[in-house]
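Report on the structure
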Amino acid sequence: MIKQILGRLPKKPSKSADAREAPTSGHSTSSRNNDVAGHRAGGLKEVPLAGTIFSSNSGVGYKFVEGARANESFEALPNFRDVPTSERQNLFLRKVNVCCAVFDFTDLTKNMKAKELKRQTLIELADYVASAIGKFTETIIQEVIKMVSVNLFRSPAAQPRENKISHAYDFEEDEPLMDPAWPHLQFVYEFFLRFVASSETDTKLAKRHLDHPFLLKLLDLFDSEDPREREYLKTVLHRIYGKFMVHRPFIRKAINNIFYRFVYETEKFNGVAELLEVLGSIINGFALPLKEEHKLFLVRVLLPLHRPKCLPMYHQQLSYCITQFVEKDSKLADTVIRRLLKCWPITNSSKEVMFLSELEEVLEASQLPEFERCMVPLFRRIAYCLSSSHLQVAERALYLWNNDHIENLIRQNRKVILPIIFPALERNSRSHWNQVVQSLTRNVRKIFSDADPDLFQECLRKVQEDEAKQGEVEAKHEATWRRLEQAANKAGSTEMFNGKAEKLPSETCTIFSLDANEGGSSCSLTGFHGENTSRWIGDGCSIRFPIFPYACVCKFV
């Protein structure tokens, strides 16, 4: 009787059996399971890493026991459709833990079967999240965040462009670097995007694990060289911002800090355009009236982004964000325009064309009071653009009159604006090298002539008078220089260069000497005052008199 009872008790495993069943790399399996896994895996074909996407309805899930090791072992996990509904969340948790295995994707021939099976598991998880019924538990949320962190927050790959000077890298010509792990990372991002957007993900539970350190690391990923990854990050961040209201101030502050470092320190960050796209939708949802915090964000963060040399990479998104602010509060137009004028590119014509395009969008959203406050400095700058020898700059400035709203604002303030820009229009119509610019200039002149003929004629007379006065001034300068040369010819010696002022024999001018040596090779003069001049002339110029016994270079300051 006792032997029968003892015979029913489970036998104690031997030490050799314990050694065989000991966990390896955090996972446990037995030799029997290895045989089963090997038998089931033997029927699967090895598919290249960049192959087609497999449906989650086919195949069997596998558990990775030794992750990135050379000889992987797998434990078979059933498909979601093969288990009861009550057990699916437990199976989901097991599959999530499986996907924590990380592989090296720089060598495409290494662990091909393991990589492909993990990819299929990620697809199954993404499909399950999209159709899940029932709230995810806090344990599942915690494990999902852990799995996503392990896969996404990886050590950065070697970036050959890291040490290049920003202006030596051509953003338009050079091809972006593609991450070799992207065919795998794509499904991690897709799964995480569906998990965040799922109605079964409880925001109150998820916010405890989707915390500030996680968000900071997620934002750092925007510096990825791979544009495909930045596109997914943009969508994920947008979903997080929309769903987790408690994190909104922190996300905005973190983006501000990224832009501060970019503008004032590094001038290198690959994801500026994508972050600005996210901010564009955020700004679009700002409530009115705008908070002071949001106005400071415009002035301190967005407007300084016009300074970096790589502005063409994100100017379209930046212009949209700034225009959104002006559309919500037209009083900001004056601030925006003055800041644009302050950092206006003088020698970069392509950047100047971008500024003119953005200026048109801002003016289109502005109202008359704000326009009147900034129109004088604004049209002084536009006058320079109108007379530019660069075709695109002059053409883009003239296109402002094709906008009906801007033309109406100009028409109402023509008495102030026309005298400022009329000299540039007159020069263009007479002597600009491009026929298109001349034609556009004549159209603008006609607009002003039709709107106010008297003002147009008055400005024309003033320009003609100014040109006549300028001709007289130039003639006087030429005559003065001739008298100076004649005086130097008559002097005939260096006796006057003795450190004091003397009247020349011709009685035409006085030369003031500060530093001269009778036996030296040169002398420095600090001033020249002619009979008919009331100011110093020749500022910053020098003239050589070869007729002197010693070559004299006269510098007028």
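Residues numbered from 1 in each chain as written. Predicted model: local features only at pLDDT ≥ 70, side-chain atom pairs only at ≥ 80, totals over all residues. Heavy atoms only, no water.

This part is about the overall build of the chain. Scanning the chain for helices and strands turns up 22 helices and 7 strands. Residue burial in the chain is summarised as follows: out of 557 residues, 45% are buried. Put simply, of all contacts in the chain between residues at least 6 apart along the chain, 68% involve residues at least 24 apart. (Helix = DSSP H or I, 4+ residues; strand = E, 2+ residues; numbered from the N terminus. Buried < 20%, exposed > 50% of the residue type's maximum accessible area, 1.4 Å probe, protein only. Contact = heavy atoms within 4.5 Å.)

Let's shift gears to the nonpolar core. In terms of nonpolar packing, the biggest core is built from 135 residues, with Phe92, Ile240, Phe259, Leu276, Leu302, Tyr314 and Phe379 touching the most fellow members. With near-sequence residues (within four places) excluded, Phe92 lies in contact with Phe80, Leu125, Tyr128, Val129, Ile140, Val144 and Phe191. (Core = buried A, V, L, I, M, F, W, Y, C linked by side-chain atoms within 4.5 Å.)

This part takes up the pattern of salt bridges. For the coordinates displayed, the defined rule picks out 24 salt bridges. Note that Arg228 is salt-bridged to Asp226, the shortest N-O span being 2.8 Å. Among the residues examined, Asp226 registers a relative accessible area of 1% and is labelled buried. The partner of Lys462 in a salt bridge is Asp466, with the nearest N and O atoms 3.2 Å apart. Of this pair, Lys462 and Asp466 both sit in helix α22 (residues 453–491), 4 residues apart, which is roughly one turn of that helix. For Lys462, a relative accessible area of 48% puts it in the partly exposed group. (Salt bridge = Lys/Arg side-chain N within 4 Å of Asp/Glu carboxyl O.)

The description of an aromatic ring pair rests on the distance of the ring centres and on the angle between the ring planes. Overall, the coordinates contain 18 aromatic pairs when judged by the stated rule. Summarising the aromatic geometry, the rings of Trp182 and Tyr189 are spaced 5.9 Å apart at their centres and angled 40 degrees between planes, so their arrangement reads as tilted. For Trp182, a relative accessible area of 5% gives the class buried. Under the relative-accessibility criterion, Tyr189 is labelled buried at 0%. (Phe/Tyr/Trp six-rings, centres within 6.5 Å; stacked < 30°, edge-to-face > 60°.)

Below, the discussion takes up helix α17 (residues 368–386). Under the 1.5 Å per step criterion, the end-to-end length of α17 is only 23 Å for 19 residues, more than 12% shorter than the ideal 27 Å. Within the sequence span of α17, burial applies to Glu370, Phe371, Cys374, Met375, Leu378, Phe379, Ile382, Ala383, Cys385 and Leu386. Looking at the buried side of α17, the elements it contacts are α15 (332–342), α16 (349–365), α18 (391–398), α19 (404–412) and α20 (414–431). (Expected span 1.5 Å × (residues − 1).)

Turning next to the environment of Lys243. With respect to the helices and strands, Lys243 occurs in helix α10 (residues 227–243). For Lys243, a relative accessible area of 24% gives the class partly exposed. When the C-alpha atoms of Lys243 and Val196 are compared, they prove to be 8.1 Å apart, with 47 residues separating the residues in sequence. Once residues within four sequence positions are removed from consideration, Lys243 is found in contact with Val196, Ala197, Ser198, Thr201 and Thr203. Among the polar contacts made by the side chain of Lys243, one reaches the main-chain carbonyl oxygen of Thr201 at a distance of 3.4 Å. (Polar contact = N/O pair within 3.5 Å; in protein donor to acceptor, adjacent residues only side chain to side chain.)

It is worth spelling out the side chain of Glu352 at this point. Mapped onto the elements, Glu352 comes out in helix α16. Although Glu352 is buried, it makes no salt bridge; Arg381 carries the closest opposite charge, 4.9 Å away. With sequence-adjacent residues up to four places away left out, Glu352 is seen in contact with Trp344, Pro345, Ile346, Cys385 and Val393. (Lys, Arg positive; Asp, Glu negative; His and termini not counted.)

Attention now moves to the confidence of the model for the chain. Overall, the predicted model of the chain reaches an average pLDDT of 77, with 71% of residues at or above 70. Note that residues 9–74 has pLDDT below 50 and, in this model, 101 contacts with residues that lie over four places away or in other chains. (pLDDT = per-residue confidence, 0-100.)

To continue, consider helix α6 (residues 138–152). Note: α-helices contain 3.6 residues per turn, so residues at a spacing of three or four share the same orientation. Helix length check: α6 (15 residues) gives 21 Å between terminal C-alpha atoms against 21 Å at 1.5 Å per residue, within 8%. Buried residues of α6: Ile140, Ile141, Glu143, Val144, Ile145, Met147, Val148, Ser149, Asn151 and Leu152, and no others. Looking at the buried residues of α6, the elements they touch are α4 (88–98), α5 (112–130), α7 (182–197), α8 (203–209) and α9 (212–220).

Attention shifts here to the side chain of Ser319. By secondary structure assignment, the location of Ser319 is in helix α14 (residues 315–328). Side-chain polar atoms of Ser319 contact the side chain of Glu361, separated by 2.7 Å. The contacts of Ser319, once residues within four sequence positions are left out, are Glu358 and Glu361.

It is at 9 Å that the axes of α16 and α19 come closest, and there the two elements cross at 70 degrees. On the basis of their axis angle, the class for α16 and α19 is roughly perpendicular. Only His405, Ile406 and Leu409 of α19 make contact with α16, whose side of the interface consists of Glu360, Leu363 and Glu364. In terms of residue class, the contact of α16 with α19 is built from 3 nonpolar, 1 polar and 2 charged. (Axes fitted to C-alpha atoms, helices over the stretch in contact; angles between N-to-C directions. Parallel < 35°, antiparallel > 145°, perpendicular 65-115°, else oblique. Nonpolar A, V, L, I, M, F, W, Y, C, P; charged D, E, K, R; others polar.)

Looking now at unusual backbone geometry. Note the cis peptide between Leu288 and Pro289, where omega equals -5 degrees. Counting through the fold element by element, Pro289 comes out in the loop between α12 (272–284) and α13 (292–302). In the Ramachandran plot, Glu267 falls in the positive-phi region, its phi being about 55 degrees despite a non-glycine side chain. Within the secondary structure layout, Glu267 lies in the loop between α11 (248–266) and α12.

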